[in-house]
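A structural walkthrough
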Amino acid sequence: MPNVVVVGAQWGDEAKGKVVDYLAERADAVVRYGGGSNAGHTVTAGGEVFKLHLVPSGILHAGVTCVISAGVVVDPSILVREIRDLTMRGVAVSNLRVSGQAHVILPYHRLIDGLEERSRRRSAIGTTGQGIGPAYADKAARRGLRMGEFVDDGRRADAMRVRLEAANELLTKLYGHEPLDIPAIITEYDAYAKELSAFVCDTAPLVAAAARGPKGVVFEGAQGTMLDLDTGTYPYVTSSHPVAGAACVGTGVGPCSIDSVVGVAKCYTTRVGAGAFPTELTDSIGDHIRERGREYGTTTGRPRRCGWLDTVVLRYSAMHNGLRTLMLGHLDVLSGLDTVRIATKYRMGGLETDDLPYDLAAREDVRPVYEELAGWSEDITSVSSFDELPEPCRAYVARVEELIGIPVWAVSVGPGREQMIRLPGRRIVT
Ligand code: GDP
Ligand code: IMO
Ligand code: MG
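Computed from a predicted model, the values in this text were never measured in an experiment.

Conventions we followed
- Residues numbered from 1 in each chain as written.
- Chains lettered and ligands numbered in written order.
- Predicted model: local features only at pLDDT ≥ 70, side-chain atom pairs only at ≥ 80, totals over all residues.
- Heavy atoms only, no water.
- Helix = DSSP H or I, 4+ residues; strand = E, 2+ residues; numbered from the N terminus.
- Rg over C-alpha atoms; globule rule 2.2 N^0.38 Å.
- Contact = heavy atoms within 4.5 Å.
- Donors = N, O, S within 2.8 Å, 3.2 Å for Na, K, Ca; no water.
- Buried < 20%, exposed > 50% of the residue type's maximum accessible area, 1.4 Å probe, protein only.
- Near = heavy atom within 4 Å.
- Polar contact = N/O pair within 3.5 Å; in protein donor to acceptor, adjacent residues only side chain to side chain.
- Areas by Shrake-Rupley, 256 points an atom, 1.4 Å probe, with all protein chains shown as cover.
- Domains from an automatic or database assignment.
- 1 Å grid on protein atoms, 1.4 Å probe; cavity = no way out; pocket = protein on both sides within 12 Å on 5 of 7 lines; lining within 4 Å.
- Sits in = over half its atoms within 2 Å of the grid points.
- Points joined across faces, edges and corners; volume = space filled by probe spheres on them.
- Nonpolar A, V, L, I, M, F, W, Y, C, P; charged D, E, K, R; others polar.
- Buried area = accessible area lost by both parts, 1.4 Å probe.
- Salt bridge = Lys/Arg side-chain N within 4 Å of Asp/Glu carboxyl O.
- Phe/Tyr/Trp six-rings, centres within 6.5 Å; stacked < 30°, edge-to-face > 60°.
- Lys NZ or Arg CZ within 6 Å of the ring centre and 35° of its normal.

**Here's the deal with the overall build of the protein**
- Helix and strand counts for the protein come out as 11 helices and 19 strands.
- The C-alpha atoms of the protein give a radius of gyration of 22 Å, which matches the 22 Å a tight globule of 430 residues would have.
- By principal-axis analysis of the C-alpha atoms, the protein measures approximately 65 × 50 × 40 Å.
- Of all intrachain contacts in the protein linking residues separated by at least 6 positions in sequence, the fraction that spans at least 24 positions is 74%.

As structure tokens, then:
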């Protein structure tokens, strides 16, 4: 197995968890490189559904080292709960490792996330409320708390007190909020720190060694390219870098160690939260996709906004991530439509363009230009080879490849491991 980055090519929830689980079978390590518990990665195996927020999606494979690396922001209360839940369901977590350089989400981050959203009023981002933005802001301002210090019994209480006192100043003076109960939080977090200390270490040498080994590493992206702090629809984005390049920041490898980048996309588009979405459907087709695809958030349960596939977005994603190949999923969801559409270009200010405008979030004049293709009506959820898919469905995949300019390595027809279908002759390293 080469070293592969799995990255969301759209606005998140593309089924990265499923692809990582699939590839992890032959890997030595799986490394989550960004985001926090805003992520919700679903892995369906043996009829059981696992919704992972912080634990890497390789955890169901015994013998695979699962690393939460420096770029992730870790909410100890959520990680402890996730570890307990997995253990209760018979999944061993002894191969989990957490970087001592990963930053800690404390209760005030979550609180401030909510308060900032309220103060944005009509321009609220629709965050997941997990404290992600405030935690990354503290990291960038060089006042964050890292996991290494958090699990150190000699330093934790003082480190937390200083930060909680500063947070209380902000909460009471700026937001008129009640101050947090500092001793109670320190006591609560003592218990989390004790439970997590066994997992915290210097993870970079482990990842570097695995990347040099024969089995290789899967780098698990969270969120998606269009939610990236720089490449996404700013300011309606998350506060980290979901793009593939971030797999080489603080994980233990540099760019020359990466053999391939796999983009994950649905054959339509979804978005949770506010912000630009040129191909959004607010009609019965949008409802068809939401209901058939069960498009409700894994983390928040919110209904996802749904729309046609946007290949302007996918070309943009291919460029920013250096995509070598694509996993195009959820083909089963489009079954039952007479025709299906693909956005091939945008029309803006009377002109047509193939490229995504850098200021998409601020533009009101962007209209997708669609191409209409024949739909397919069959239930394809038990199809196991590409050749058995209905002809219009195969033609759809071929047209997407043409429009994006990169090969599709696999498609999927349902959430299960066995519902991933490899395309004949296609490889991850191209
Ligand atoms: P992630 O955040 O990228 O890992 O994706 P999520 O887990 O948030 O969302 C993907 C959802 O689609 C999950 O509920 C999966 O179980 C489900 N899913 C994955 N692949 C397919 C597919 O091919 N067809 C259908 N119908 N559902 C799928
Ligand atoms: P996975 O890894 C879909 C969205 C939120 C909001 C914006 C900012 O499961 O694909 P945040 O809480 O990060 O400050 O919210 O980003 N968002 C996601 N949308 N999938 C995700 O993760 C997301 N993580 C954040 O809905 O619009
Ligand atoms: Mg998700």
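**Some points on the coordination of the magnesium ion (ligand 3)**
- Around the magnesium ion (ligand 3), the donor atoms from the protein are D13 (OD) and G40 (O), and they sit 2.0 to 2.2 Å away. Of this pair, D13 sits in the loop between β1 (4-8) and α1 (16-24) while G40 sits in the loop between β2 (29-32) and β3 (41-45), and the two are 27 residues apart along the sequence.
- Residue D13 is classed as partly exposed on the basis of its relative accessible area of 22%.
- Its relative accessible area of 9% is what places G40 among the buried residues.

**Some words on the site of ligand 2**
- Taken together, the neighbourhood of ligand 2 is formed by 20 residues, with D13, K16, H41, T128 and T238 sitting nearest.
- Contacts to ligand 2 include H41, whose side-chain N or O atom sits 2.7 Å from an oxygen atom.
- For ligand 2, the accessible surface in isolation is 550 Å², of which the surrounding protein chains cover 98%.
- Each of domain 1 (4-75 + 204-422) and domain 2 (103-198) accounts for three or more of the residues forming the shell around ligand 2.

**Observations regarding the site of ligand 1**
- Near ligand 1 lie 18 residues; those nearest to it are K16, K18, T42, D332 and S412.
- Take D13: an N or O atom from its side chain is 2.9 Å from an oxygen atom of ligand 1.
- Here ligand 1 loses 92% of its free accessible area of 590 Å² to cover by the protein chains.
- Taking a 2 Å distance to the grid points as the criterion, the majority of the atoms of ligand 1 fall inside the second largest pocket.

**Structural notes on the layout of surface pockets**
- The calculated volume of the second largest pocket comes to roughly 630 Å³.
- Residue assignment for the lining of the second largest pocket shows that the elements contributing at least two residues are α1, β3 and β4 (48-52).
- Class assignment of the residues belonging to the lining of the second largest pocket gives a composition of six nonpolar, 13 polar and 11 charged.

**Thoughts on the domain arrangement of the protein**
- Taken domain by domain, the protein comprises domain 1 (4-75 + 204-422) and domain 2 (103-198).
- Relative to domain 2, the C-alpha centre of domain 1 lies at a distance of 30 Å.
- Domain 1 puts 22 residues into the contact, and the matching count from domain 2 is 18 residues.
- Carbon and sulfur atoms supply 54% of the area buried between domain 1 and domain 2, which totals about 1,500 Å² over both sides.
- Between domain 1 and domain 2 we count one salt bridge in total.
- One salt bridge in this structure joins R110 and D75, with 3.0 Å as the shortest N-O distance.
- Our count for the domain 1 to domain 2 interface comes out at nine residue pairs in polar contact (both at pLDDT 80 or more).
- Taken together, the residues that form the side of domain 1 that touches domain 2 break down as eight nonpolar, 12 polar and two charged.

**Notes on empty space enclosed by the protein**
- For the coordinates displayed, the defined rule picks out one cavity of 30 Å³ or more.
- Here the largest cavity defines a volume of roughly 40 Å³.
- Lining the largest cavity are M226, T231, G232, T233, Y316, L356, P357, Y358, D359, L360 and A361.
- Counted by class, the lining of the largest cavity contains seven nonpolar, three polar and one charged residues.

**A short note on the packing of aromatic side chains**
- Using the criterion set out here, one finds five aromatic pairs in the structure.
- Centroid distance F150 to Y189: 6.3 Å. Interplanar angle 75°. Geometry classified as edge-to-face. Residue F150 is found in helix α5 (residues 147-150), and its partner Y189 is found in helix α7 (residues 182-196); the two are separated by 39 residues along the sequence.
- Measuring from ring centre to ring centre gives 4.9 Å for Y189 and Y192, while their planes differ by 85°; the resulting arrangement is edge-to-face. Within this pair, Y189 and its partner Y192 are both found in helix α7, separated by three residues, close to a single helical turn. Of the two residues examined, Y189 and Y192, each falls in the buried class.
- Through a chain of ring-to-ring contacts, the aromatic side chains of F150, Y189 and Y192 assemble into a single cluster.
- The ring centre of F50 lies 3.9 Å from the NZ or CZ of R89, which sits over that ring.

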